[in-house]
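So you can see what is in the structure, the chains are spelled out below.
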Amino acid sequence: MTGVPASAAGGSGAKPVRGGKLGTAAVNQASLWNIANILTMVRLLLVPGFVLLLFHDGGYDPVWRSFAWAAFAIAMITDLFDGHLARAYNLVTDFGKIADPIADKAIMGAALVSLSILGDLPWWITGVIIARELGITLMRFWVIRHAVIPASRGGKLKTLAQGTAAGMYVLVLTGPLATLRFWMMMVAVVLTVVTGLDYVRQAVVLRRKGLAAERAAAVERAAEATEALQDPAPHPAVGGAGAAGVGPTAGPVAAGVGPAGAVADVTDVPTGVTDVSPGAMDVRSGAADVRSAAEVRDAAEAER
């Protein structure tokens, strides 16, 4: 439900926009103790009060039934006011969203069941109306994952007809007024059944559309996954810099300047050094032979 502006309800203090959409911010700012929620609580409290007044003194005292009618009328009027406040001030609470429909069905159900217990209203009428209300509530939960079934004009007209007819049955009426209330209740029953069937049709259509949308989304995701597997994107570390010969792995190895190339060059250098060593040994041996020949010649000249 909604309530007073945020400044009065402990919200942000911003001025609400009349007729605006109910956004997340409004839901978070709405205070539990706002005027709309208070009206809903009053309607809930009126349910047991209405039953006590209706059954007082055996349930057939016109005065006490008039008091019961007044309680019932106040409950129905508060439903109109809190709905208006919900649309006007854009303040919503989780309590209001749960308690408002419960209060609506509680006051109407209490009136119908009580009137049937007193023998003023046939039980089949009470059964049809209550079964429809409970069935539509369960059906809303059935399709809530796919969509929300909006309240139709027929549904609002049904509520008005039910409230008017039930209120006329609460009063002690005779003559033409008693006949009028019977036909008013028949109109309420017809609207109850017709709008109920229309809600069922909407629920089936919305659920089919929701399931079709889910299947289409699943097929699209599967197609994208298949395409990604068939044409994978190059990995930055392999197909990027590495392919150009400058990456951390492929580049240095291909160019011979990385760690592997350095190892190859170092391996070649000791081999060259090993090949030079025998030549140096031959040179040293030749020098030693020359010195030996010179010493022999010098010794021979010294003997002469």
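Computed from a prediction, not measured in an experiment: that's the story for all the values here.

1. Some details on the packing of helix α7 (residues 153-170) against helix α8 (residues 176-230)
Then comes step 1: Here α7 crosses α8 at 150 degrees, and the two axes come no closer than 8 Å. Compared by their axis directions, α7 and α8 come out roughly antiparallel. As for how α7 packs across α8, the hand of that crossing is left-handed. Contact residues: Gly 154, Gly 155, Leu 157, Lys 158, Ala 161, Gln 162, Thr 164, Ala 165, Ala 166, Met 168 and Tyr 169 in α7; Leu 177, Leu 180, Arg 181, Phe 182, Met 184, Met 185, Ala 188, Leu 191, Thr 192, Thr 195 and Tyr 199 in α8.
Then comes step 2: Class assignment of the residues belonging to the contact of α7 with α8 gives a composition of 14 nonpolar, six polar and two charged.

2. Details of the environment of Gly 49
Then comes step 1: Mapping Gly 49 onto the fold places it in helix α3 (residues 35-55).
Then comes step 2: Between the C-alpha atoms of Gly 49 and Ala 68, which are 19 residues apart in sequence, the distance is 8.0 Å.

3. Side note on α7
Then comes step 1: The terminal C-alpha atoms of α7 lie 26 Å apart, and with 18 residues this matches the ideal 26 Å at 1.5 Å per residue to within 8%.
Then comes step 2: Within α7, burial applies to Gly 155, Lys 158, Ala 161, Gln 162, Gly 163, Ala 165, Ala 166, Gly 167, Met 168, Tyr 169 and Val 170.

4. Some remarks on α3
Then comes step 1: Between its first and last C-alpha, α3 extends 30 Å over 21 residues, near the 30 Å set by a 1.5 Å rise per residue.
Then comes step 2: Of all the residues in α3, the buried ones are Ala 36, Asn 37, Leu 39, Thr 40, Arg 43, Leu 46, Val 47, Phe 50 and Leu 54.
Then comes step 3: N-capping of α3 is provided by Asn 34, with a side-chain oxygen placed 2.9 Å from the backbone N of Asn 37.
Then comes step 4: Two residues or fewer after α3 comes Asp 57, characterised by a positive phi angle close to 60 degrees.

5. Let's talk about the nonpolar core
Then comes step 1: One finds Phe 50, Phe 72, Ile 107, Leu 121, Ile 125 and Met 185 to be the most contacted residues of the largest nonpolar core, which totals 28 residues.
Then comes step 2: The set of elements that each furnish at least two residues to this core consists of α3, α4 (62-89), α5 (94-117), α6 (123-143), α7 and α8.
Then comes step 3: Setting aside residues up to four positions removed in sequence, Phe 50 forms contacts with Ala 68, Ala 71, Phe 72, Ile 107, Ala 110, Ala 111 and Val 170.
Then comes step 4: Listed in part, the five residues of the second largest apolar core include Ile 136, Met 139, Tyr 199 and Ala 203.

6. Remarks on the pattern of salt bridges
Any two side chains of opposite charge can pair if their charged atoms end up close together.
Then comes step 1: All told, the structure shown has seven salt bridges when counted by the stated rule.
Then comes step 2: Between Asp 79 and Arg 43 there is a salt bridge, with the nearest N and O atoms lying 3.8 Å from each other. Taken together, the residues Asp 79 in helix α4 and Arg 43 in helix α3 connect sequence positions 36 residues apart.
Then comes step 3: Assessed through its relative accessible area of 0%, Arg 43 is described here as buried.
Then comes step 4: Glu 133 is paired through a salt bridge with Arg 132; the nearest N and O atoms lie 3.2 Å apart.

7. Examining a negative patch on the surface
Then comes step 1: A grouping of Glu 220, Glu 224, Glu 227 and Asp 231 is seen on the molecular surface, where their side chains present a negatively charged patch.
Then comes step 2: With respect to the helices and strands, Glu 227 occurs in helix α8.

8. A short note on the packing of aromatic side chains
Then comes step 1: Per the stated rule, a full pass over the model turns up three aromatic pairs.
Then comes step 2: Ring plane angle 75 degrees and centroid distance 5.3 Å describe the contact between Phe 182 and Trp 183, whose orientation is recorded as edge-to-face.
Then comes step 3: On the accessibility criterion, Phe 182 (35% relative accessible area) is partly exposed.

Criteria and thresholds
- Residues numbered from 1 in each chain as written.
- Predicted model: local features only at pLDDT ≥ 70, side-chain atom pairs only at ≥ 80, totals over all residues.
- Heavy atoms only, no water.
- Axes fitted to C-alpha atoms, helices over the stretch in contact; angles between N-to-C directions.
- Helix = DSSP H or I, 4+ residues; strand = E, 2+ residues; numbered from the N terminus.
- Parallel < 35°, antiparallel > 145°, perpendicular 65-115°, else oblique.
- Left-handed = near helix turned anticlockwise from the far one by under 90°.
- Contact = heavy atoms within 4.5 Å.
- Nonpolar A, V, L, I, M, F, W, Y, C, P; charged D, E, K, R; others polar.
- Expected span 1.5 Å × (residues − 1).
- Buried < 20%, exposed > 50% of the residue type's maximum accessible area, 1.4 Å probe, protein only.
- Polar contact = N/O pair within 3.5 Å; in protein donor to acceptor, adjacent residues only side chain to side chain.
- Core = buried A, V, L, I, M, F, W, Y, C linked by side-chain atoms within 4.5 Å.
- Salt bridge = Lys/Arg side-chain N within 4 Å of Asp/Glu carboxyl O.
- Patch = residues over 30% accessible without salt bridge, like charges linked within 9 Å, V, L, I, M, F, W, Y side chains within 5 Å.
- Areas by Shrake-Rupley, 256 points an atom, 1.4 Å probe, with all protein chains shown as cover.
- Lys, Arg positive; Asp, Glu negative; His and termini not counted.
- Charge placed at Lys NZ, Arg CZ, Asp CG, Glu CD.
- Phe/Tyr/Trp six-rings, centres within 6.5 Å; stacked < 30°, edge-to-face > 60°.

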